[in-house]
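One letter stands for each residue in the lines below.
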Amino acid sequence: VIVALANSYPIQERVSDIFYKVTEAETKDDLKELSIKLAPTLSEHSDNISLNQDLFKKVDAVYQQKDALGLTTEQQRLLEETYKDFVRSGANLSPEKQARLREVNKELSTLGIKFSDNVLNENNAFKLYIDKEEDLAGLPDWFRQSAAEKAKEDGQEGKWLFTLGNASRLPFLQYSENRPLREQMYKAYINRGNNNDKNDNKKNITDIVKLRLEKAQLLGFDCYSNSVSYTHLRAHETRHDLVCRLL
């Protein structure tokens, strides 16, 4: 039971990782719509496993006799983590609390995608054009050439284009001697999703925090970080690694 369960995850993980890597790099409307549609479906799929009482009874039965099974260190670790994941995913909750947990998980899965999409939109929207060579002071030649090629591709030949992508932002902040431009770049980066526009994330963050606290309390914890299981993080929050770091 335990090994078969562990072996059931890789295929979905591989497919999900590829899909979400694409959606994190692209801002196409069809991909956004698809990710919003899939998020609650994947959340429900995960809950259908972790809240399956017949399956949990089998896991629990193995766990209760773990000391008499002569398990290797690796087998014991897998068993303990599997059992813990089920418990921290709500397997021991009452039917009423499990129903609410499902709703919370679905809402969180969608909110996480909205948050990430807003950050990506603002990331892609920012363009810093420089048309005076003196403003390039400190920037290496290879970096200037790259920025000139980007500007040309964007229909602004004769200028230099810098964006919030790591390959552009980080060298600019490291080498540029123009403090006001560095400040403009840095503030644009740290304020993504915080500009009171259609991509603003303040309400999304507030809703995520409230729902995470409710979830933690449903599971009997005082805060969300203490309640998270690895399986839940893997299944429900593939797209909000950034949110996890921020909160």
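Residues numbered from 1 in each chain as written. Predicted model: local features only at pLDDT ≥ 70, side-chain atom pairs only at ≥ 80, totals over all residues. Heavy atoms only, no water.

Colleague: How should the pattern of salt bridges be read in this particular structure?
Modeller: As a working rule, side chains carrying opposite charge can pair if their charged atoms are close by. Under the defined criterion, the tally for this structure stands at 11 salt bridges. Notably, a salt bridge pairs glutamate 44 with lysine 106, separated by 3.9 Å at the nearest N-O pair. Taken as a pair, glutamate 44 in helix H3 (residues 29–50) and lysine 106 in helix H6 (residues 95–125) lie far apart in primary sequence, 62 residues in all. A residue is classified by how much of its surface remains accessible, and glutamate 44, at 34% relative accessible area, is partly exposed. Overall, the relative accessible area of 33% leaves lysine 106 in the partly exposed class. The shortest N-O distance in the salt bridge between lysine 202 and aspartate 200 comes to 2.7 Å. A relative accessible area of 36% means that lysine 202 is categorised as partly exposed. The exposure class assigned to aspartate 200 is buried, which follows from its relative accessible area of 17%. Put simply, Arg100, Glu103, Glu107 and Glu214 are held in one network by salt bridges that share partners. (Salt bridge = Lys/Arg side-chain N within 4 Å of Asp/Glu carboxyl O. Helix = DSSP H or I, 4+ residues; strand = E, 2+ residues; numbered from the N terminus. Buried < 20%, exposed > 50% of the residue type's maximum accessible area, 1.4 Å probe, protein only.)

Colleague: In this structure, what is going on with helix H7 (residues 141–153)? I would like to understand it.
Modeller: Counting along an α-helix, one turn takes 3.6 residues, and residues three or four places apart therefore face a common direction. If you check H7, its first and last C-alpha atoms are 18 Å apart, about what 13 residues at 1.5 Å a residue would give, namely 18 Å. When we look at burial in H7, the residues that qualify are Phe143, Ala147 and Ala151. The arc enclosing the buried residues of H7, seen along the axis, measures out at 75°, which places them on a common side. Along H7, the residues that are exposed and aim more than 90 degrees away from the buried face are Asp141, Trp142, Gln145, Lys152 and Glu153. Tucked into the core, H7 has its buried residues touching strand E1 (128–130), strand E2 (160–162) and helix H8 (166–175). Positioned one or two residues after H7, glycine 155 has a phi angle of 80°, which is positive. (Expected span 1.5 Å × (residues − 1). Arc of directions from axis to C-beta. Contact = heavy atoms within 4.5 Å.)

Colleague: So what exactly am I meant to see when it comes to the packing of H6 against helix H10 (residues 202–218) here?
Modeller: Helix-helix packing is characterised by the crossing angle of the two axes and by the distance between the axes. Following both chains from N to C, one finds H6 and H10 inclined at 150°, their axes separated by 9 Å at the closest point. Classified by the angle their axes make, H6 and H10 are roughly antiparallel. Where H6 crosses over H10, the two elements pack in a sense that is left-handed. Mapping the contact onto sequence places Lys97, Arg100, Leu101, Val104, Asn105, Glu107, Leu108, Leu111, Lys114, Phe115 and Asn118 in H6 and Asn204, Ile205, Asp207, Ile208, Leu211, Arg212, Glu214, Lys215 and Leu218 in H10. Grouping the amino acids of the contact of H6 with H10 by side-chain chemistry returns nine nonpolar, three polar and eight charged. (Axes fitted to C-alpha atoms, helices over the stretch in contact; angles between N-to-C directions. Parallel < 35°, antiparallel > 145°, perpendicular 65-115°, else oblique. Left-handed = near helix turned anticlockwise from the far one by under 90°. Nonpolar A, V, L, I, M, F, W, Y, C, P; charged D, E, K, R; others polar.)

Colleague: I would appreciate a short explanation of the packing of aromatic side chains in the present structure.
Modeller: Applying the stated criterion across every chain yields a total of six aromatic pairs. Ring centres of tyrosine 63 and tyrosine 83 lie 3.8 Å apart, and the angle between their planes is 0°; this geometry places the pair in the stacked category. Of this pair, tyrosine 63 sits in helix H4 (residues 53–64) while tyrosine 83 sits in helix H5 (residues 73–88), and the two are 20 residues apart along the sequence. Taken together, Phe56, Tyr63, Tyr83 and Phe86 form an aromatic cluster joined through their ring pairs. Positioned above the aromatic ring of tyrosine 129, the side-chain terminus of lysine 159 is 5.9 Å from the ring centre. Cation over ring: arginine 169 sits above tyrosine 189, and NZ or CZ is 3.7 Å from the ring centre. (Phe/Tyr/Trp six-rings, centres within 6.5 Å; stacked < 30°, edge-to-face > 60°. Lys NZ or Arg CZ within 6 Å of the ring centre and 35° of its normal.)

Colleague: I tried to follow the confidence of the model for the protein on my own but got confused; where do I start?
Modeller: In regions of low pLDDT, the predicted coordinates are not meant to be interpreted in detail. Predicted confidence across the protein gives a mean pLDDT of 89, with 92% of residues reaching 70 or more. In this model, residues 230–247 is a region of pLDDT below 50 whose contacts with residues beyond four sequence positions or in other chains number 48 contacts. (pLDDT = per-residue confidence, 0-100.)

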